[in-house]
2 protein chains.
Amino acid sequence: MSRQRIGVGLCGLGTVGSGVVTLLDRHARELSSRCGLALELVHIGARRDNPNCDTSRYKVSRDIFDVVSDPDVDILVELIGGTTTAFDLVQGALNAGKHVVTANKALMAARGNELAALAEENGVALRYEAAVAGGIPIIKTLRESLAANAIQSVAGIINGTGNFILTEMAKAGRDFEDVLAEAQALGYAEADPTFDIDGTDAAHKLVILATLAFGIPLNSEGPFTEGINSVAPEDLRFAAELGYVIKHLGIATRAGERVDLRVHPTLIPVDKQIATVDGVLNTVMIRSDGVGELVLVGPGAGALPTASAVCGDVADVAQHMARGIGDSLPVLGRPVSELQELATVPRGEVESEWYLRMVVADEPGAMADITRLLGDQDISIESLIQRPPETGSTQVSVVIVTDRAPGAAIERATSAIAALDATDGSITMLRIESFEAA
Amino acid sequence: MSRQRIGVGLCGLGTVGSGVVTLLDRHARELSSRCGLALELVHIGARRDNPNCDTSRYKVSRDIFDVVSDPDVDILVELIGGTTTAFDLVQGALNAGKHVVTANKALMAARGNELAALAEENGVALRYEAAVAGGIPIIKTLRESLAANAIQSVAGIINGTGNFILTEMAKAGRDFEDVLAEAQALGYAEADPTFDIDGTDAAHKLVILATLAFGIPLNSEGPFTEGINSVAPEDLRFAAELGYVIKHLGIATRAGERVDLRVHPTLIPVDKQIATVDGVLNTVMIRSDGVGELVLVGPGAGALPTASAVCGDVADVAQHMARGIGDSLPVLGRPVSELQELATVPRGEVESEWYLRMVVADEPGAMADITRLLGDQDISIESLIQRPPETGSTQVSVVIVTDRAPGAAIERATSAIAALDATDGSITMLRIESFEAA
């Protein structure tokens, strides 16, 4: 080959972008040695400077599309986020025959099918290790290492902000708003943290994991999604009392020819490994027929961990380029034409154990009514906590842990319970996952 | 390309070999779909049948070298073990322009440098994910995902048999020989378990990890190696009392321009994640400048987990072949010519906290002598347990946990203590690793 150098263009100079500049600079010699060719950052596109990132040694454009059209750019790194401009940018790069590395989970979840097809058509790479679980190599593990496995489930803590908030609430008994403000001050949460809190960010990531695990097209509408704002400090206390921690999980399960994708706060037995993953750490647990259970734990966010994933992708692509090929394997694990839709298990059919918390009038017969309404739906009670009323109060807190029951039965039972005069109509319902060996 | 099929040849039909037959057969359609070409097992070489593996559908040769010379074989899977015949086999395959996938850590540790160079010369792949930590994708993670990281240390439980034995000894208070016999009956330990017990197997794996982590040539003489047979049931009990578990760890650390490679039983604080990895599970913890701390946990042995790693490599190689290239990156992470020797930190300089157990005459002045001899070497005592003598005995068990001290100082102090009339001359010495954040 006559090529002397591989040029990297970087669009977006936020936290992760500045981390990419740092790692590419720090490990330039090493990366070039691995590739057998000089790997260089040649062009940065950013609408504004980042005071934490010295770009004086680089060509910088305010119009990020100038980076796409730069003939020196072979690999485009997209870190601007969102699904509109980012889509145009990535589409433009792929059409121009450039390889793309992105950390953009929203873009991959929403439009990854068309972008993957476009990459295949153009014989270029589209990589996105940094889109899920930061520094944890989960994309590579699913796409490559487990190629000869049938994946049964992928479950994990895949939003560091949410895990930080739940961990702090549990450890310090603090309120949601209080911890959220701290997370924002520490830079863990975005100025607009909606997607972290309502589960949208975790759902985007779960969609990507499910595609790689099950060979289905990306479907951003797929997951059932519940945010962490339904968890109150008293739920964390009751859970601890019952031997559980509450984590915000993404869970993708294959059941025969159907799949079940869910993102929700989940009670997990305190002795499970996943229960010990605190703060901004992420973890992903994969179950498959070959390996059995594989667990990965690492930082799910932050400048350098996420930049490490971006740069790992850049190194892979550069090493492929140095050997004259676009990529060694399809963007989504299988060629887009081989992806096959699988039906979603209807919500009401999905079985879990359940944690139910309600406020009940401290009067004769109330508990009998509640337990009878659960029994009417064939739901067994595994354990029950009734807190004596505070002095002067006429209400008690009741927490019920049920045996496994389908969502529809729980829905019917809790609707009936909420209609009782003895309750105030609101019931906190959280799923429990024990992750027993299959 | 005119190629219609990629042929796999398998040499060795033991536990892992039969797992490879199972997974390649079970996931044939899936693997072919990923590659875009049919991937088929075309030839098995095995000196004898495996009653647990039906090979009636395959061409089988008793002379394994017939598989190398079969023109239908594109990828040779070497699972015969050892460093002599296996070397000839792999060398022959690479020279014949065939790709090789191996699970052979002894071969890679002892002769991997020349084999990697040979693969580079011939433009073919040599893959060995299954050689370390079974189903855990640690080779790919170090070689690819962390390409843009400076690795500070790699530490882990990388011998499932040893971990099974220590776990059972700790949980049930059983003797080493007793648990070893069970491990052999369960098929976890080889008929000759020497390499599992004396640390040789873990040392081979650590050598491979260190090469990928630090860019040094494979050096099977490198690690300081101690087996698990130095751990007595009372050490496990005393450790638990002090808040530790004992695990057999491989630890590779980079210190400036030097490296430190060690395999030995290690006391770990009970609340560290690595301390919870029991039985035949393996775990590897990597510290690097980009990601920070990454932990992988999974089955370190067994037919299907190890076969999964073999087949993941086969799938990678097949996908490269389908695109007309040998491999996208160098066998050992860097081209062999770019690997650079680093000096080993002399044993006596390596600092640890230490666990010392000895039997001491229950007489005045004995403890004063022992603590004075430690003090003479500037070794501080962190905690001390002295067990009252059993009725009728004139001896006590003494366990001392020291603060960090260099190996040479501990060596001098324990030699002096062993020379005291009050001791019986034998001192159990185990290192403690707290894995504090750097």
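Residues numbered from 1 in each chain as written. Chains lettered and ligands numbered in written order. Predicted model: local features only at pLDDT ≥ 70, side-chain atom pairs only at ≥ 80, totals over all residues.

1. A closer look at the overall build of chain A
- Of regular secondary structure, chain A possesses 14 helices and 18 strands.
- Whereas a compact globule of 438 residues would reach a radius of gyration of roughly 22 Å, chain A reaches 24 Å, a difference of no more than 12%.
- By principal-axis analysis of the C-alpha atoms, chain A measures approximately 85 × 45 × 35 Å.
- Each of the 438 residues in chain A was classed as buried or not, and the buried ones make up 56%. (Helix = DSSP H or I, 4+ residues; strand = E, 2+ residues; numbered from the N terminus. Rg over C-alpha atoms; globule rule 2.2 N^0.38 Å. Buried ≥ 20, exposed ≤ 12 C-beta atoms within 10 Å, placed from the backbone.)

2. Quick word on the domain arrangement of chain A
Residues and elements named next belong to chain A.
- The domain boundaries assigned to chain A delineate domain 1 (5–134 + 303–338), domain 2 (138–299) and domain 3 (350–432).
- Its C-alpha centre places domain 2 at a distance of 26 Å from the equivalent point of domain 3.
- Each side of the interface is counted separately: domain 2 has 14 residues, and domain 3 has 11 residues.
- Of all the elements in the fold, those that place two or more residues in the side of domain 2 that touches domain 3 are helix H11 (233–241), strand S9 (244–255) and strand S10 (258–269).
- Sorting elements by how many residues they give to the side of domain 2 that touches domain 3 places S10 first, with five residues.
- Along the lines of polarity and charge, the residues of the side of domain 2 that touches domain 3 split into eight nonpolar, three polar and three charged. (Domains from an automatic or database assignment. Contact = placed C-beta atoms within 7 Å. Nonpolar A, V, L, I, M, F, W, Y, C, P; charged D, E, K, R; others polar.)

3. Concerning the sheet that holds strand S3 (residues 60–61) of chain A
Residues and elements named next belong to chain A.
- Across the sheet, which stays open at both edges, the six strands sit in the order S3-S2-S1-S4-S5-S6 with parallel pairing between neighbours. Here the strands that pair on one side only, and so sit at the sheet edges, are S3 and strand S6 (126–127).
- Bridge analysis of strand S5 (residues 99–102) against S6 gives two bridges, and the strand direction is parallel. Across the sheet, Val100 pairs through a bridge with Leu126, a residue of S6.
- Where helix H1 (residues 15–26) meets the sheet, it contacts strand S1 (5–11), strand S2 (38–45) and strand S4 (75–78), and its direction lies at approximately 160 degrees from that of S1. (Pairing = 2+ DSSP bridges. Axes fitted to C-alpha atoms, helices over the stretch in contact; angles between N-to-C directions.)

4. Quick look at the pairing of strand S14 (residues 351–361) of chain A
All names here are of chain A.
- Examined bridge by bridge, S14 and strand S17 (residues 405–406) share two bridges and lie antiparallel to one another. Each residue of the ladder has a partner; that of Ser352, found in S17, is Ala405.
- Here seven bridges tie S14 to strand S18 (residues 423–432), and the two strands are oriented antiparallel to one another. Bridge assignment links Val360 to a residue of S18, and that residue is Thr423.

5. Details of the relation of the copies chain B and chain A
- Between the two copies, chain B and chain A, the superposition gives an RMSD of 0.0 Å; the rotation angle is 180 degrees and the shift along the axis is 0.0 Å. Read as a symmetry element, the transformation amounts to a two-fold axis. Within chain B, the C-alpha atom positioned nearest to the axis of rotation is that of Leu296(B), 2.3 Å from it.
- Comparing interface residues between copies, 100% of those in chain B also lie at the interface in chain A; the contact surface is shared. (Least-squares fit on C-alpha atoms with pLDDT ≥ 70 in both.)

6. Re the interface of chain B and chain A
- Facing the 48 residues of chain B at the interface are 48 residues of chain A.
- Among the elements of the structure, helix H2 (28–35), helix H6 (138–145), strand S12 (292–299) and helix H12 (303–322) of chain B are those that each provide at least two residues to the side of chain B that touches chain A.
- Within the side of chain B that touches chain A, the residues separate by chemical class into 22 nonpolar, 18 polar and eight charged.
- The pairing of strand S12 (residues 292–299) of chain A with S12(B) spans three bridges and is antiparallel. Looking at the pairing, Leu296(A) lines up with Leu296(B) of S12(B).

7. Here we look at the confidence of the model for chain A
- Per-residue pLDDT for chain A has a mean of 94; in total, 99% of the residues score no lower than 70.
- Predicted complex metrics record ipTM = 0.95 and pTM = 0.95. (pLDDT = per-residue confidence, 0-100.)

8. Considerations on the nonpolar core
- By size, the foremost hydrophobic cluster in this structure holds 300 residues, and its most contacted members are Val77(A), Leu209(A), Val310(A), Val77(B), Leu209(B) and Val310(B).
- Apart from the residues lying within four places of it in its own chain, the contact partners of Val310(B) are Val16(B), Val20(B), Val77(B), Val101(B), Ala103(B) and Ala130(B). (Core = buried A, V, L, I, M, F, W, Y, C linked by C-beta atoms within 7 Å.)

9. Thoughts on the packing of helix H2 (residues 28–35) of chain A against helix H12 (residues 303–322) of chain A
Residue and element names in this part refer to chain A.
- Relative to each other, H2 and H12 sit at 40 degrees, their axes nearing to 9 Å. Considering the angle they form, H2 stands oblique to H12. By crossing handedness, the relation of H2 to H12 is classed as right-handed. Where H2 approaches H12, its residues Leu31, Arg34 and Cys35 are matched on the opposing element by Ala315, Ala318, Gln319 and Ala322.
- The class makeup of the residues in the contact of H2 with H12 is five nonpolar, one polar and one charged. (Parallel < 35°, antiparallel > 145°, perpendicular 65-115°, else oblique. Left-handed = near helix turned anticlockwise from the far one by under 90°.)

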